[in-house]
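Residue strings, one per chain:
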Amino acid sequence: MTVTGDAAGARAAVEISDVSKFYGSGPEAVHAVDRVTLTVASGEFVSIVGPSGCGKSTLLEMVAGLLAPSTG
């Protein structure tokens with residue numbers, strides 16, 4: 001996962017590649033976020049929507065660097 005800045009806007013401001021977050025292990029592991037790939041350009045507006053418990057906050061916490069991804 002990469003978070004970069006570029007005044008010219010030519011590169012991605014946020015790039016997420018095949019990011020996953022699991023809690024626990026084995027067959028009882030909870031897949032909070034599973035293989036998300038996303039690129040957001042500088043100046044672009046993005047909304048993340050979905051039902052309660054689908055991993056929206058977990059994804060944003062990983063982008064902010066508050067939570068380490070399990071993979072990606």
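Our structure is the block above this text.
Residues numbered from 1 in each chain as written. Predicted model: local features only at pLDDT ≥ 70, side-chain atom pairs only at ≥ 80, totals over all residues. Heavy atoms only, no water.

Peer 1: Please explain a nonpolar patch on the surface as it appears in this structure.
Peer 2: A cluster of nonpolar side chains, contributed by Val46, Ile48 and Leu60, occupies part of the molecular surface with about 230 Å² of accessible area. Note on placement: Val46 falls in the loop between β3 (30–41) and α1 (56–63). (Patch = residues over 30% accessible without salt bridge, like charges linked within 9 Å, V, L, I, M, F, W, Y side chains within 5 Å. Areas by Shrake-Rupley, 256 points an atom, 1.4 Å probe, with all protein chains shown as cover. Salt bridge = Lys/Arg side-chain N within 4 Å of Asp/Glu carboxyl O. Helix = DSSP H or I, 4+ residues; strand = E, 2+ residues; numbered from the N terminus.)

Peer 1: Quick question: what am I supposed to make of the pairing of strand β2 (residues 12–23) here?
Peer 2: Side chains on a regular strand alternate between the two faces of the sheet. Summarising the sheet, β2 and β3 pair through eight bridges and their orientation is antiparallel. Bridge pairing links Lys21 to Val33 in β3. Count of turn residues in the β2/β3 antiparallel hairpin: six residues, of which Gly24 carries a positive phi of about 85 degrees. (Pairing = 2+ DSSP bridges.)

Peer 1: Could you clarify how one ought to interpret α1 in this entry?
Peer 2: Of all the residues in α1, the buried ones are Thr58, Leu59 and Met62. Each buried residue of α1 lies within a common arc of 100 degrees when the element is viewed along its axis, so the set occupies one face. Residues of α1 that are buried make contact with β2 and β3. A positive backbone phi angle near 85 degrees is found at Gly65, which sits one or two residues after α1. (Buried < 20%, exposed > 50% of the residue type's maximum accessible area, 1.4 Å probe, protein only. Arc of directions from axis to C-beta. Contact = heavy atoms within 4.5 Å.)

Peer 1: Even after reading the chapter, I still don't get the side chain of Thr58, so can you show me in this structure?
Peer 2: Along the chain, Thr58 falls in helix α1. For Thr58, a relative accessible area of 14% corresponds to the buried category. In this structure Thr58 touches Lys21, Tyr23, Ala32, Val33 and Leu67, once residues within four positions along its chain are discounted.

Peer 1: Explain the environment of Ile48 here, please?
Peer 2: Checked against the element boundaries, Ile48 lands in the loop between β3 and α1. Ile48 gets classed as partly exposed once you look at its relative accessible area, which sits at 35%. In this view, Ile48 contacts Lys56, Leu59 and Leu60; residues no more than four positions away in its chain are not counted.

Peer 1: What's the story with the pattern of salt bridges in this structure? I'm lost.
Peer 2: Proximity of charged atoms lets side chains of opposite charge pair with each other. With the rule as written, the count across this model stands at one salt bridge. Of the charged contacts in the structure, one is a salt bridge between Arg35 and Asp18, with a shortest N-O distance of 3.2 Å. With Arg35 in strand β3 and Asp18 in strand β2, this residue pair connects regions lying 17 residues apart in the sequence.

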